[in-house]
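# Residue-level structural notes
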Amino acid sequence: MSTESAAAKVIRAINSAIPDIPVFNGVYTGDLLRYAVFTETIPRAYFADDKAEEVVVSVRVHFFTDIHENTTQLKRAVRKALENEGFNYPTQEDASDEDTQHIVWDTEISMGA
């Protein structure tokens, strides 16, 4: 297994699917209208000989953009890019409001401990 972090894989996947998009880990409080934010949790780990051998990292990616942007191709590209980085095929949810498109992808990846 790769020693690269899940965060690095998420950033690379988003940047390959949406070139030049700012990607933030955790929280973004700035003024940009088009950006991505992701969070990571570790819901479980697999142990052998009393030490973690493998951890599962759960990732949630949020993409925000103008309500009028056509995001059909972008949604497919993000799902494929995450999968290409080794994540499980992500679920996708539309969390938009009347002013902003907000697309959420949930996925997981198994990483060496």
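Report on the accompanying structure. Just so it is clear, the structure is predicted and the values come from calculations on it, not from any experiment. (Residues numbered from 1 in each chain as written. Predicted model: local features only at pLDDT ≥ 70, side-chain atom pairs only at ≥ 80, totals over all residues. Heavy atoms only, no water.)

### Brief notes about the pairing of strand β4 (residues 91-94)
- Bridge count for β4 against strand β5 (residues 100-112) is 4 bridges, and the pairing is antiparallel. Looking at the pairing, Gln-92 lines up with Trp-105 of β5.
- The turn linking β4 back onto β5 is made up of 5 residues. (Pairing = 2+ DSSP bridges. Helix = DSSP H or I, 4+ residues; strand = E, 2+ residues; numbered from the N terminus.)

### A short note on the packing of aromatic side chains
- The final tally for this structure, using the stated rule, is 4 aromatic pairs.
- Their ring planes at 55° and their centres at 4.6 Å tell us that Tyr-28 and Tyr-35 sit as a pair that is tilted.
- Members of the aromatic cluster, joined through ring pairs, are Phe-24, Tyr-28, Tyr-35 and Phe-64. (Phe/Tyr/Trp six-rings, centres within 6.5 Å; stacked < 30°, edge-to-face > 60°.)

### Brief notes about the environment of Pro-43
- With respect to the secondary-structure elements, Pro-43 resides in strand β2 (residues 35-48).
- Looking at Pro-43, the relative accessible area reads 46%, which means it is partly exposed.
- Expressed as a C-alpha distance, the spacing of Pro-43 and Val-78, which sit 35 residues apart in the sequence, is 23 Å.
- Excluding residues that lie within four positions of it along the chain, Pro-43 makes contacts with Val-56, Ser-58 and Glu-108. (Buried < 20%, exposed > 50% of the residue type's maximum accessible area, 1.4 Å probe, protein only. Contact = heavy atoms within 4.5 Å.)

### Some details on unusual backbone geometry
- In this structure, Asp-20 is a non-glycine residue whose phi angle is positive, near 70°.
- Mapped onto the elements of the fold, Asp-20 is located in the loop between α1 (6-17) and β1 (23-25).
- Given a relative accessible area of 80%, Asp-20 falls into the exposed group.

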